[in-house]
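# Secondary and tertiary structure notes
If you want the building blocks of each chain, they are given just below.
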Amino acid sequence: MTTTFTDDTRERARDIIARYPADRSRSALLPLLHLVQAEEGYVSPAGVAFCAEVLGLNKAQVGAVATFYTMYKRKPTGDFLVSVCTNTMCNVLGGQEVYDTLAEHLGVGHDETTADGTITLEHAECLAACDYGPVMTVNYDFFDGVDASTAVGVVDELRAGGRPMPTRGARLCTLKEMAVQLAGFADERDDAVADGGPGEPTLRGLRLAQQHGVSVPGFDPNTPIRSKAEADKAAAEAKAKAEAAKPAPVEASAAPVKGSDGASAPTGAAGVAEPAKPADATGSTTRDVKAPDDKSPQVRTAETRQPDAGTAVPDASGTKVPTDATGTAPEAGDARAAEAAGVAANPPAGDGKPAGDEAGAQERNLTEAKAGTDADGAGPADANETGAQK
């Protein structure tokens, strides 16, 4: 079934994409996947196609991301995703018992949804709350220190239409409402984020620091966070100050500037002496080759590391352009021609055999093994051994 996304979803998609630079719109893919999940309850093939359409990608690129992260569900999910940690710490404290009890009580297994579409159950490898174990989350909000009885009470209240208060965090919401928030939009419910609070183990470090007077040197908790406009203004002022601090260019003189070895130093177009260029880690002072910006990063990297020898320009004594046996510098493009010749001489392996595995060698070994068996009457085991030795 094809889904037609609402105008509200498309408007929000444009808002998400606008958060990123025009040439970096692909970075909006993660929040866009949360956005389509907020409308359908999972990332459907139609959601993948929608993200590909608005970002100018193909569906394979979007699908590769959607299948990598477990927060993106690939099949319809209940209103409440109940995740029970069964990793080492929580498991030792009873996490597996909590999960097994819920699975039997709800009649579903891992990544399965109840018949009424209310709850999807899953076991989680780690919920990053070992000091509260065993823990369970509902739509990523924590219920700490649960046991089998309290976990059953939570899911029963959810199925009855209630919204139990998490141990920590804001007021509980449905998976679709949570997906809107993960896409980068605020919770629109009145005072929803004012509910809940931090847990005692989380505050323990802060209270120890206060007790012993430990703080970051020069830290002012009242320091305001600058807005983007203020930050941009400060950056522009810093840039202008740096430009003003630059030394004035040296005027051209009639006398050539001498280098440290007494030779004339290279000069620029205006006759101004260019500063000496330090050698790199290999001791070379050859100028870097500027690669075109319209090429792929792989091609750009390859051409920068090994440009055609004919384009290399020496800029210091001792720097030489590579030459062949006759002392002639290669023509520009020889590097590409050599690479093409190497590719032609080494065809890639086919689907049937790995590279370098020639059928002729295999047939020769089998023929010799059979000939040895016919000549001396060796049995199959001897023939196999002979073939292996060949």
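Keep in mind that this is a model prediction, so the values were computed, not measured.

A word on the nonpolar core. Among the nonpolar cores identified, the biggest contains 25 residues, and Leu32, Leu33 and Val62 are the most heavily contacted of them. Listed by contribution, the elements that provide at least two residues to this core are helix H1 (7-17), helix H2 (29-40), helix H3 (45-55), helix H4 (59-66) and helix H8 (175-182). Excluding residues that lie within four positions of it along the chain, valine 62 makes contacts with Leu29, Leu33, Val48, Cys51, Ala52 and Leu57. Membership of the second largest hydrophobic core comes to 21 residues, among which are Leu106, Val154, Val155 and Leu172.

In this section: the confidence of the model for the chain. Parts of the prediction with low pLDDT should not have their coordinates interpreted in detail. On average, residues of the chain carry a pLDDT of 76, and 66% of them reach 70 or more. Averaged pLDDT values for the elements of the chain fall to 47 in helix H14 (residues 380-389) and rise to 95 in strand S1 (residues 80-85). In the model, residues 351-357 has pLDDT below 50 throughout and makes five contacts with residues more than four positions away in sequence or in other chains. Scored below 50 in pLDDT, residues 380-388 makes four contacts in the model with residues more than four places away or belonging to other chains.

With that settled, the discussion passes to H3. Inspection of H3 places Ala46, Gly47, Val48, Phe50, Cys51, Ala52 and Leu55 among the buried residues, and these make up the whole buried set. Within two residues after H3, glycine 56 carries a phi angle of roughly 70°, on the positive side.

Spatial ordering of the open sheet is given by S2-S3-S1-S4-S5, a layout of five strands whose pairing is mixed. Strand pairing shows two members of the sheet lacking a second neighbour, strand S2 (112-113) and strand S5 (141-143), which therefore form its edges. Summarising the sheet, S1 and strand S4 (residues 136-138) pair through three bridges and their orientation is antiparallel. Residue valine 82 lies in a different strand from S4, and its bridge partner there is valine 138. Sitting on the sheet, helix H7 (residues 148-159) is in contact with S1, strand S3 (119-124), S4 and S5, with an inclination near 10° to S4.

Here we take up the packing of aromatic side chains. Here the structure, examined in full by the defined rule, presents three aromatic pairs. Among the aromatic side chains, those forming a connected cluster through ring pairs are Phe68, Tyr69 and Tyr72. The side chain of arginine 12 reaches across the aromatic face of phenylalanine 185, ending 4.9 Å from its centre. Over the ring of phenylalanine 142 we find arginine 168; its NZ or CZ atom is 4.4 Å from the centre of that ring.

Cut-off values and rules
- Residues numbered from 1 in each chain as written.
- Predicted model: local features only at pLDDT ≥ 70, side-chain atom pairs only at ≥ 80, totals over all residues.
- Heavy atoms only, no water.
- Core = buried A, V, L, I, M, F, W, Y, C linked by side-chain atoms within 4.5 Å.
- Buried < 20%, exposed > 50% of the residue type's maximum accessible area, 1.4 Å probe, protein only.
- Helix = DSSP H or I, 4+ residues; strand = E, 2+ residues; numbered from the N terminus.
- Contact = heavy atoms within 4.5 Å.
- pLDDT = per-residue confidence, 0-100.
- Pairing = 2+ DSSP bridges.
- Axes fitted to C-alpha atoms, helices over the stretch in contact; angles between N-to-C directions.
- Phe/Tyr/Trp six-rings, centres within 6.5 Å; stacked < 30°, edge-to-face > 60°.
- Lys NZ or Arg CZ within 6 Å of the ring centre and 35° of its normal.

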